[in-house]
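Coordinates in review
The lines below spell out each chain.
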Amino acid sequence: MSKVNTPIILHGEIMVIEDNTADLKFMSKTLTKAGYRVRSASDGELALRSVQAKLPDLILLDINLPGMKGVEVCSRLKADPATKDLPVIFISALGEIELKVKALEAGGTDYVTKPVESSELLARIDIHLNMYRLQRKLVVQSEKLIAEIEERKLAEEELLNEKSFSEAIIESIPGMLYVYDDQGTHIQHNKRHEDMTGYSTEELSHMNPLSWYDDKADILRVEAAISDVFTKGYGEVEVPMRIKNGEKLMMHFTGSRLVMNGKKYFVGVGTDITDRKKAEDALRVSHERFLTVLD
């Protein structure tokens, strides 16, 4: 029966910075067997260049390196924004208490004591590597959430600007503007509508659009104009309209059909032509008198 070679699942890359050949060989073998990729360096300068070229997932750092000490290597790693979050586990001799304290103060994540025991080394790497990856995941999620919030804020600002622009256009219309759906439900009106009729926003939102007219014939003419809007797209009518204080205004109404999302709306604009009608009537009377004098 042939032996099946099961591929090793790599759990990440560990940078081992160790000048002792025997210790380096032991840790490299232990980590490789556990499924990690291993990179190594025997001094601090070489290690820093290697880390800057390609970030590992975790660093094992001998505290007592020749030349640049492990504490200085760690300090330089923590001072660089690109490497400051990398977990650094120090490797120290049994009696190096002061160096351990300095190592942790320099930003070290943890330490293991020589002679290194395989199970302890792997357990500490597993803990801090998982913590680091969780931290990175949270950072990515936070950045994504912040980006989504900023994007949403921009979209809301654009929507608000569009809404403000639309409202400004509506309020700039000199006549009374109103919008109803095809069921006669009040949708919107401008401030001019309230000023001309004397009714409040609350009152207007519950009024039947035909309740402005007293005469049955006027109501029929308005209904015909509304029908023209929904069937032909446009309608108009001149009709007297009673406002809240009981006064009647002679109005010229134009309406157009608006279709949005498959639903039809009536958009109407009313212009007060009372003074114009009075002037026309006065001119007509004057003209008739003139013709009478000529006769």
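Throughout what follows, the structure given in this document is the object of discussion. All values reported here derive from a predicted model rather than from experimental measurement.

As a further point, take helix 1 (residues 21-33). Here helix 1 spans 18 Å end to end across 13 residues, near enough to the 18 Å set by a 1.5 Å rise per residue. All of the buried residues along helix 1 are L24, M27, S28, T30 and L31. Angular distribution of buried residues about the axis of helix 1 spans 165°; they occupy a single face of the element. Those residues of helix 1 that are exposed and aimed more than 90 degrees away from the buried face are T21, A22, K25, K29 and K33. Structurally, the start of helix 1 carries an N-cap: the backbone nitrogen of A22 is 3.1 Å from a side-chain oxygen of N20. G35 lies just past helix 1 and shows a positive phi near 105°.

This part takes up the sheet that holds strand 1 (residues 12-17). Spatially, 2-1-3-4-5 is the arrangement adopted by the 5 strands of the open sheet, whose pairing is parallel. The open sheet has two edge strands, strand 2 (36-41) and strand 5 (110-113), and neither has a second partner. When the angles between neighbouring strand axes are averaged without regard to direction, this sheet yields 20°. Sheet topology note: the strand 1/strand 2 ladder contains 6 bridges and is parallel. Opposite M15, over in strand 2, you have R39 as the bridge partner. The strands touched by helix 1 are strand 1, strand 2, strand 3 (58-62) and strand 4 (88-92); relative to strand 2, the strand with the most contacts, the crossing angle is about 160°.

Another point: the side chain of T30. Residue placement: T30 occurs in helix 1. On the basis of relative accessibility, which here comes to 12%, the residue T30 falls in the buried class. Non-local contacts of T30, meaning those with residues more than four positions away in its chain, are made with S118 and L122.

In this section: the nonpolar core. Counting 22 residues, the largest nonpolar core has M176, W212, Y213, M241, M251 and F253 as its most contacted members. If you list the elements that add at least two residues to this core, you get strand 6 (176-181), helix 8 (216-232), strand 8 (234-242) and strand 9 (248-260). Among the elements that line this core, the one with the most residues is helix 8, at 5 residues. Residues in contact with M176, not counting those within four places in the same chain, are N190, R192, H193, M196, T197, M241, M251, F253, G268, V269 and G270. M15, V73, F90 and Y132 belong to the second-largest nonpolar core, a separate cluster that totals 21 residues.

This part covers the pairing of strand 4. Here strand 4 lies mainly inside the structure; 5 of its 5 residues are buried. Burial along strand 4 is two-sided: the residues V88, F90 and S92 and I89 and I91 are all buried. Here strand 3 runs beside strand 4; their pairing, made up of 4 bridges, is parallel. Bridge pairing links L61 to F90 in strand 4. The β-α-β motif built from strand 3, the intervening helix 3 (residues 70-79) and the parallel element strand 4 has right-handed crossover chirality. In this structure, strand 4 lies alongside strand 5, joined through 4 bridges in parallel fashion. From the neighbouring strand, F90 faces strand 5, where its bridge partner is Y111.

What follows covers the pairing of strand 10 (residues 263-272). Side chains on a regular strand alternate between the two faces of the sheet. Pairing geometry for strand 6 and strand 10, over 6 bridges, is antiparallel. When the sheet's bridge partners are listed, L177 is paired in strand 10 with V269. The antiparallel pairing of strand 9 with strand 10 creates a hairpin that spans 2 residues between the two strands, and N261 there sits at a positive phi of about 55°.

Conventions and cut-offs
Residues numbered from 1 in each chain as written. Predicted model: local features only at pLDDT ≥ 70, side-chain atom pairs only at ≥ 80, totals over all residues. Heavy atoms only, no water. Helix = DSSP H or I, 4+ residues; strand = E, 2+ residues; numbered from the N terminus. Expected span 1.5 Å × (residues − 1). Buried < 20%, exposed > 50% of the residue type's maximum accessible area, 1.4 Å probe, protein only. Arc of directions from axis to C-beta. Polar contact = N/O pair within 3.5 Å; in protein donor to acceptor, adjacent residues only side chain to side chain. Pairing = 2+ DSSP bridges. Axes fitted to C-alpha atoms, helices over the stretch in contact; angles between N-to-C directions. Contact = heavy atoms within 4.5 Å. Core = buried A, V, L, I, M, F, W, Y, C linked by side-chain atoms within 4.5 Å. Right-handed = clockwise from strand over helix to strand, strands pointing away.

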